[in-house]
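Listed here are the chains, written in short residue letters.
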Amino acid sequence: MEIVIDAGESSPRTYEITATRAGRRVEVATRRGLVEVSEVTRSGTPVRTARFMSSRILALVEHPAAAADGA
């Protein structure tokens, strides 16, 4: 998941959250003006979480998972 933020400077900032191990996934939740992006294990335990103000987000880009056979 790629998050592009308007940081108030001349150029936007880009953050990337990925599922670092097999079986993990990235979840996005929107709550009270905040967007929360989390890497979550199979059991639902968050490993890493990033929070952004929704008014500052320019783009949320979800990249497809890589194929298991490398294609």
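First, a word on scope: everything that follows refers to the structure included in this document. Here the structure is a predicted model, which is why all the values come from computation and not from measurement.

The rules behind the values
- Residues numbered from 1 in each chain as written.
- Predicted model: local features only at pLDDT ≥ 70, side-chain atom pairs only at ≥ 80, totals over all residues.
- Heavy atoms only, no water.
- Phe/Tyr/Trp six-rings, centres within 6.5 Å; stacked < 30°, edge-to-face > 60°.
- Helix = DSSP H or I, 4+ residues; strand = E, 2+ residues; numbered from the N terminus.
- Buried < 20%, exposed > 50% of the residue type's maximum accessible area, 1.4 Å probe, protein only.
- Contact = heavy atoms within 4.5 Å.
- Polar contact = N/O pair within 3.5 Å; in protein donor to acceptor, adjacent residues only side chain to side chain.
- Core = buried A, V, L, I, M, F, W, Y, C linked by side-chain atoms within 4.5 Å.

**Observations regarding the packing of aromatic side chains**
Here's step 1: Summed over the entire model, instances satisfying the criterion amount to 1 aromatic pair.
Here's step 2: With a centroid separation of 5.4 Å and an interplanar angle of 45°, the aromatic rings of Y15 and F52 are classed as tilted. Taken as a pair, Y15 in strand β2 (residues 13-16) and F52 in strand β5 (residues 46-53) lie far apart in primary sequence, 37 residues in all.

**Brief notes about the environment of V26**
Here's step 1: Along the chain, V26 falls in strand β3 (residues 25-31).
Here's step 2: Here V26 falls in the partly exposed class, since its relative accessible area comes to 27%.
Here's step 3: Spatially, the C-alpha atom of V26 lies 6.1 Å from that of V40, the residues being 14 residues apart in sequence.
Here's step 4: Beyond its immediate sequence surroundings of up to four residues, V26 is in contact with M1, I17, T18, A19, V37 and S38.

**Topic: the side chain of T41**
Here's step 1: Position of T41 relative to the elements: it lies in the loop between β4 (34-40) and β5.
Here's step 2: At a separation of 3.2 Å, a polar atom in the side chain of T41 contacts the side chain of S43.
Here's step 3: Residues in contact with T41, not counting those within four places in the same chain, are G23, R24, R25 and V47.

**Considerations on the nonpolar core**
Here's step 1: M1, I3, I5, I17, V35, V37, A50, F52 and I57 form the largest nonpolar core, which has 9 residues in total.
Here's step 2: Elements with a contribution of two residues or more to this core: β1 (2-5), β4 and β5.
Here's step 3: Residues within four places of I5 in sequence aside, it is in contact with P12, R13, Y15, F52, R56, I57 and L58.

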